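What follows is the residue order along each chain.
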Amino acid sequence: MPVPRFRRCQQLMIELRTVEHYAVADLLAGGTSVVSSTQWVAVAPHLDAAVVLDEDMLLALGRMPAAQWTEDGPQFSRGVIARLCQAGLVFGDGDEDHAWEEAERALSANSWWTPAAVMHRLARWQNQDSVTALREAGLETAAGLCRQLGPPPPACAEPGERAIDLVVPVEVPFDAWLKQRATCRNFDRTRLLDLATLSQLLWRVFASHGEQREGDDAIFLKKNVPSAGGLHPTEAFLLVQSVLGLEPGLYRYHPIDHSLSPVAGPVDDPAALARRFVAGQQWFADAHVQVILAPRFARTFWKYRQHPKAYRAVILDVGHASQLLLSCATEARLGAFVTAAINEQDIEQVLELDPMQQSPMAICGIGWRSELMTTSEFDPGRQVWQPGT
């Protein structure tokens, strides 16, 4: 009978956490009843949750190699190894279920930097209602935030003694147009968005306006937004609700062909799906179209392999695309928004995305702005809403 061999996962971080819990005995002894303790926790980007370790598990992980298989020698207790295998932190070469090992192998092939991979994996939401959570915490309004948290840090740094005053420029029409950009929370769903307007927005923001090929396998796209290495990893998925000439549902945008293809099958209730995607933010769920920005990480990590700046570059890529989309929507006299308060895991399940291969990072919305403001919007300069609206 062959001797079993094991190895630990390659991408792994260990954290020492402080845990507070209530203890009745401490309260009866005159204490505060709140007792603090520490625990070792393992976080790995191929797992959906952290794993609490005992000292034996921690010691075994420290001694076990990751790049090669090792026999089940006397230095590793069989019980400890069994617990680590059950948690997905250690793999056995005789395991029948290789799902965790295959997930870890895919991560390594994608060249993730481990801290970024851990943060991305564990920061994703599922089935969250952010509005209800803020309301219950008393943090829904600016007044509530200040009441619960105290005043925020200063809005900006104070000018020093040697500050140089700059001449205020004469405003031109472009400046007035810029001031019209405001996060829209009031959409008029009685008015359909026409397909030509949507097509123009997608063409301006996401379409390829030139290609460069290197051999038969490499193609680099020129778009109207910057992207690290010119790689443009961010794809646009659309949840369409109210577009004339386009059936409600989910679509994927193709930047070279400038086309849309249906994905994920028919959508029975687009309104409910829209609300779930934006974590209960009903004012955003009313948008005529939600644009889901979902980078393909391997596209960027192909060049920036295990690079500590690569994930930051992907985030910037999403920000560039969202800003141009909001600007173009404003120019088209449409309302628009961008939010990162989204249920990534729910979106991934619907679109059938592997979160470590491709994952939503933000959602933009576009549509006709309502004539009445029923949900408050931040427009202190009254550039969008006139008094009385």
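Heads up: these notes are all about the structure in this document. (Residues numbered from 1 in each chain as written. Predicted model: local features only at pLDDT ≥ 70, side-chain atom pairs only at ≥ 80, totals over all residues. Heavy atoms only, no water.)

**Focus: the sheet that holds strand 5 (residues 70-71)**
Part 1: Spatially, the three strands line up as an open sheet ordered 5-1-6, and their pairing is antiparallel. In this open sheet, the two edge strands, each paired with only one partner strand, are strand 5 and strand 6 (90-92).
Part 2: Two elements, strand 1 (residues 5-8) and strand 5, share two bridges in a ladder whose sense is antiparallel. Bridging from a neighbouring strand, Arg5 pairs with Glu71 of strand 5. (Pairing = 2+ DSSP bridges. Helix = DSSP H or I, 4+ residues; strand = E, 2+ residues; numbered from the N terminus.)

**Some points on the nonpolar core**
Part 1: By size, the foremost hydrophobic cluster in this structure holds 43 residues, and its most contacted members are Trp112, Leu198, Phe206, Leu238, Val289, Val291 and Ile366.
Part 2: Looking at this core, the elements that each hand over two or more residues are helix 5 (114-122), helix 9 (195-205), strand 10 (234-240), strand 12 (249-254), strand 14 (289-295), helix 12 (297-301), helix 13 (310-331) and strand 16 (362-367).
Part 3: Among the elements that line this core, the one with the most residues is helix 13, at ten residues.
Part 4: Apart from the residues within four sequence positions on either side, Leu238 is in contact with Leu198, Leu202, Gly249, Leu250, Tyr251, Leu260, Val289, Gln290 and Val291.
Part 5: Counting 24 residues, the second-largest nonpolar core is a separate cluster that includes Phe187, Phe237, Leu250 and Ala274. (Core = buried A, V, L, I, M, F, W, Y, C linked by side-chain atoms within 4.5 Å. Buried < 20%, exposed > 50% of the residue type's maximum accessible area, 1.4 Å probe, protein only. Contact = heavy atoms within 4.5 Å.)

**Quick word on the side chain of Arg7**
Part 1: As for its placement among the helices and strands, Arg7 is situated in strand 1.
Part 2: The class for Arg7 is buried, based on a relative accessible area of 9%.
Part 3: Non-local contacts of Arg7, meaning those with residues more than four positions away in its chain, are made with Met64, Pro65, Ala66, Gln68, Trp69, Val90, Phe91, Glu101 and Glu104.

**Some details on the packing of aromatic side chains**
Part 1: Under the definition given, this model contains eleven aromatic pairs.
Part 2: Ring centres 4.7 Å apart and planes at 55 degrees place the aromatic pair Trp112 and Phe297 in the tilted group. Residue Trp112 is found in the loop between helix 4 (99-110) and helix 5, and its partner Phe297 is found in helix 12; the two are separated by 185 residues along the sequence. Judged on exposure class, the residue Trp112 and its partner Phe297 are both buried.
Part 3: Taking the centre distance of 6.4 Å and the plane angle of 75 degrees together, the rings of Trp283 and Phe284 count as edge-to-face. Like Trp283, the residue Phe284 is buried in the burial classification. (Phe/Tyr/Trp six-rings, centres within 6.5 Å; stacked < 30°, edge-to-face > 60°.)

**Focus: the pairing of strand 1**
Part 1: Strand direction decides the pairing type here: strand 1 and strand 6, joined by three bridges, are antiparallel. The partner of Arg8 across the bridge, within strand 6, is Val90.

**Points about the pattern of salt bridges**
Part 1: This model, assessed by the stated rule, comprises 15 salt bridges.
Part 2: For Arg83, the salt bridge goes to Asp54, with nearest N and O atoms at 2.8 Å. Of the two residues, Arg83 sits in helix 3 (residues 78-87) while Asp54 sits in the loop between strand 4 (51-53) and helix 2 (55-63), which places them 29 residues apart along the sequence.
Part 3: Classification of Asp54 as partly exposed rests on a relative accessible area of 30%.
Part 4: Among the ionic pairs, Lys179 bridges to Glu171, the shortest N-O distance being 2.5 Å.
Part 5: In this structure Lys179 comes out as partly exposed when scored by relative accessible area, which is 36%.
Part 6: Counted as one network, the salt bridges with shared partners bring together Arg7, Glu101, Glu104 and Arg105. (Salt bridge = Lys/Arg side-chain N within 4 Å of Asp/Glu carboxyl O.)

**Re helix 9**
Part 1: Among the residues of helix 9, Thr197, Leu198, Leu201, Leu202 and Val205 are the ones counted as buried. The buried residues of helix 9 occupy one face: seen down the axis, they fall within an arc of 135 degrees. (Arc of directions from axis to C-beta.)

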